[in-house]
Structures are given as C-alpha cells and as structure tokens.
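# Coordinates in review
Here are the chains, one letter per residue:
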Amino acid sequence: MPETMGTEVPDNAQQLFRKDGKTVQKSLFSPEYQANFNSNEAEFACYIDEVAALQWWHRNVARAGHYFVQGWRKNKVYPDFIFALQKTNGKERLVVLETKGEQLGGNPDTEYKRKLLKELTKAFNEDHVVKAGELQLVGKGKDVVCELVLMSEWKTKVHSLHLLDDLLYQRQ
C-alpha cells in the first residue's frame with residue numbers, strides 16, 4: 001500500500017453525483033470527479049456509495065504508486081475497486097474487485113486475473129495465515145473477497161457472489 005497518494009483534479013472538474021443528487025460520500029479520496037470514471041465505473045461507484053454498511057471505497061488506478069496485486073506473472077494487477085463493508089454479524093468484509101468490459105470476457109488476461117483473484121480469496125480466508133512476500137495476510141475477524149466481474153454483469157454478479165450480502169437492503 002502506498003504511503004501517500006496524489007489526487008488529480010480534471011480540467012472540467014465536475015464531481016461525481018449519485019442518483020439521489022448527492023455527491024459520493026464514502027470515497028477514501030474525496031472529492032471524486034466524473035472525468036476519472038467511465039460510465040460503468042461511475043454507475044458502480046454511485047451504487048455502492050449508497051450502501052449503508054459501506055465503510056469506504058476506492059477507485060484504483062492502473063499505474064505505479066497505486067494498489068496492486070502481484071501474481072505469478074510479471075505484470076502487476078491493479079484492481080479497479082477496493083471497498084470495505086461492515087457485515088450485519090459485526091465482521092468486516094474487504095472486497096477487491098477487478099472489472100472488465102464484455103469484449104474482454106474469456107480472453108487469456110481476463111482468465112488469469114480471475115484465477116489470481118480467486119486464489120487470493122482462498123488464501124485470505126484460510127485458517128492458517130502466513131506472510132507471503134511483502135503482503136501480510138490478516139484474516140482474523142475479516143472476510144476478504146477478491147473477484148473479477150464483467151461490467152455487463154456486475155448488477156447480478158455482486159448479489160450471486162454475496163459481495164454485499166444482505167447489506168443492499170440497508171441502503172440509505
């Protein structure tokens with residue numbers, strides 16, 4: 001995790017607004033600007049921002065100095081979204097989400113990232129937690145879910161994967 005992170009103010013500097021007319025409230029690095037998102041990412045960010053149990057979210061950028069996952073291939077994987085939820089049972093859930101456009105579904109890079117994220121979910125949720133390289137896997141009291149979803153299916157996939165569990169019914 002980087003020690004510091006710069007934020008960029010786009011030229012047109014229009015903040016990201018939810019459907020209820022409010023700016024997004026739970027981003028780690030506020031304010032968030034519309035120009036930093038494509039339409040699907042903006043819709044997803046606004047959607048999760050309204051979940052009452054959401055503690056925070058971050059739209060990650062795929063470039064040096066930002067959050068990444070190192071798999072068994074040379075290139076780093078920069079997941080698109082990272083967010084934290086407080087589950088109804090008091091346990092925290094950290095979600096690492098990589099998104100892909102429909103046109104990339106099934107290609108070798110997408111399938112590699114899907115497999116890597118599933119392995120990370122498995123590793124985080126094992127009872128015996130060990131240090132792996134520079135990453136300290138801390139699993140006690142937290143669920144960690146790492147997943148790849150196609151942007152065309154995120155609305156149904158987050159429910160089927162129980163990424164948000166019953167928290168969607170507690171929307172603000």
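Residues numbered from 1 in each chain as written. Predicted model: local features only at pLDDT ≥ 70, side-chain atom pairs only at ≥ 80, totals over all residues. Heavy atoms only, no water.

### Remarks on the overall build of the protein
- When you go through the protein residue by residue, the secondary structure sums to 3 helices and 8 strands.
- The secondary structure elements of the protein, listed N-terminal to C-terminal, are α-β-β-β-β-β-α-β-β-β-α.
- Restricting the contact set of the protein to residue pairs at least 6 apart, pairs at least 24 apart contribute 59%.
- About 9900 Å² of surface is accessible on the protein, with carbon and sulfur atoms providing 50% of the total. (Helix = DSSP H or I, 4+ residues; strand = E, 2+ residues; numbered from the N terminus. Contact = heavy atoms within 4.5 Å. Areas by Shrake-Rupley, 256 points an atom, 1.4 Å probe, with all protein chains shown as cover.)

### Concerning the confidence of the model for the protein
- A residue-level look at the protein finds 75% of positions with pLDDT of 70 or above and a mean pLDDT of 77.
- Note that residues 131-139 has pLDDT below 50 and, in this model, 10 contacts with residues that lie over four places away or in other chains.
- Taken as a whole, residues 166-172 scores under 50 in pLDDT and shows 22 contacts with residues more than four places along the chain or in a different chain. (pLDDT = per-residue confidence, 0-100.)

### Some thoughts on helix α2 (residues 108-124)
- The end-to-end C-alpha distance of α2 is 24 Å, a good match for the 24 Å that 17 residues give at a rise of 1.5 Å each.
- Within α2, the full set of buried residues consists of T110, Y112, K113, R114, L116, L117, L120, T121 and F124.
- Its side-chain oxygen at 3.1 Å from the backbone nitrogen of D109, N107 defines the N-terminal cap of α2. (Expected span 1.5 Å × (residues − 1). Buried < 20%, exposed > 50% of the residue type's maximum accessible area, 1.4 Å probe, protein only. Polar contact = N/O pair within 3.5 Å; in protein donor to acceptor, adjacent residues only side chain to side chain.)

### A few points about the pattern of salt bridges
- If you walk through the whole model with that rule in mind, you get 8 salt bridges.
- Salt-bridge contacts for D109 lead to K113; the nearest nitrogen and oxygen are separated by 3.1 Å. With a gap of 4 residues between them, D109 and K113 both fall in helix α2, about one helical turn apart.
- When salt bridges with common partners are traced through the structure, they connect E98, K100, D109 and K113 into a single cluster. (Salt bridge = Lys/Arg side-chain N within 4 Å of Asp/Glu carboxyl O.)

### A closer look at the nonpolar core
- In terms of nonpolar packing, the biggest core is built from 19 residues, with L16, F37, F44, W57, F81, F83 and L97 touching the most fellow members.
- Of all the secondary-structure elements, those providing two or more residues to this core are α1 (39-49), β1 (54-59), β4 (81-86) and β5 (92-100).
- It is α1 that provides the largest number of residues to this core, a total of 5 residues.
- Of all hydrophobic cores here, the second largest spans 11 residues; its members include V96, Y112, L120 and V144. (Core = buried A, V, L, I, M, F, W, Y, C linked by side-chain atoms within 4.5 Å.)

### Overview of the pairing of β4
- Counting buried positions along β4 yields 5 of 6 residues, so the element is predominantly enclosed.
- Taken together, the 5 bridges between β1 and β4 define a ladder with antiparallel strand orientation. Along β4, the bridge assignment pairs L54 with L85.
- As paired strands, β4 and β5 are joined by 6 bridges and run antiparallel to one another. Bridged to I82 within β5 is V96. (Pairing = 2+ DSSP bridges.)

### Observations concerning the environment of E41
- On the secondary structure map, E41 appears in helix α1.
- The buried category is assigned to E41, whose relative accessible area is 8%.
- The sequence separation of E41 and F81 amounts to 40 residues, and the corresponding C-alpha distance is 9.0 Å.
- Every residue in contact with E41, bar those within four places of it in the chain, is listed here: N36, R59, F81 and M151.

### Some points on the sheet that holds β4
- Here we have 4 strands laid out as an open sheet, ordered β1-β4-β5-β8, and mixed in their pairing. Across the chains shown, the open sheet's two edge strands, defined by having one partner strand only, are β1 and β8 (142-150). Across the sheet, the mean angle separating the axes of adjacent strands is 15 degrees when strand polarity is ignored.
- Lying on the sheet, α1 is in contact with β1, β4 and β5; it crosses β1 at an angle near 165 degrees. (Axes fitted to C-alpha atoms, helices over the stretch in contact; angles between N-to-C directions.)

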